[in-house]
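Overview (structure and organization)
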Amino acid sequence: MTTKEVRCERCENIIGLGCCCPPDGSIPKARPASQVRQEWRRFPADTILISPTRYAHLPGACTHVSEEFVKAPRWGWIPDPPPGLWDRLCSSYPAIASEGNTTRRAIRRCEECEATLSAT
């Protein structure tokens, strides 16, 4: 008998195996301002990561997305985004993946990534 893996709609990690999102659907608590963004090996810090749920993330900027989960075909990414793309990103101006799963489009920014970016 196999257990179905249930993925979180916010971070796309498996619930109970990597998902750190609050179960009530609230925004995950931001890291303390003194905490430095974690360095990722495969993705430069300015890469825009695009989840299957159409959220844009930044490598190491939030606690609910880990580098080992960001893989094609589930995720897409933009390794060298045009200046200002993160700030313009919305449903009328989506970020379209150029690598990984190139059908992925982000229409909203991760709130925790945005808070981390603002703190630096």
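Quick note: structure is the one above.
Throughout what follows, the structure given in this document is the object of discussion. All values derive from a computational prediction rather than experimental measurement.

The helix and strand tally for the protein chain stands at two helices and seven strands. Counting helices and strands in the order they occur from the N terminus, the protein chain gives β-β-β-α-β-β-β-β-α. In the protein chain, which comprises 120 residues, the share counted as buried stands at 40%. Within the protein chain, counting contacts between residues at least 6 apart in sequence, those at least 24 apart form 56% of the total.

When glycine is set aside, most residues are seen to have a negative phi, and most peptide bonds are trans. Omega for the bond connecting Ala-72 with Pro-73 falls within 30 degrees of zero, at 10°, which places this linkage in the cis form. The residue Pro-73 is located in the loop between strand E2 (55-57) and strand E3 (76-78) in this model. Phi at Arg-54 takes a positive value of approximately 75°, unusual for a residue other than glycine. Structurally, the position occupied by Arg-54 is in the loop between strand E1 (48-50) and E2.

Moving on: the state of the cysteines. In total, this model carries zero disulfides according to the counting rule given. Not part of a disulfide, Cys-62 finds its nearest cysteine sulfur in Cys-113, a span of 3.5 Å. Cys-110 forms no disulfide, and the closest cysteine sulfur to it belongs to Cys-113, at a distance of 3.6 Å. Residue Cys-110 is classed as buried on the basis of its relative accessible area of 1%.

Procedures and definitions
Residues numbered from 1 in each chain as written. Predicted model: local features only at pLDDT ≥ 70, side-chain atom pairs only at ≥ 80, totals over all residues. Heavy atoms only, no water. Helix = DSSP H or I, 4+ residues; strand = E, 2+ residues; numbered from the N terminus. Buried < 20%, exposed > 50% of the residue type's maximum accessible area, 1.4 Å probe, protein only. Contact = heavy atoms within 4.5 Å. Disulfide = S-S within 2.5 Å.

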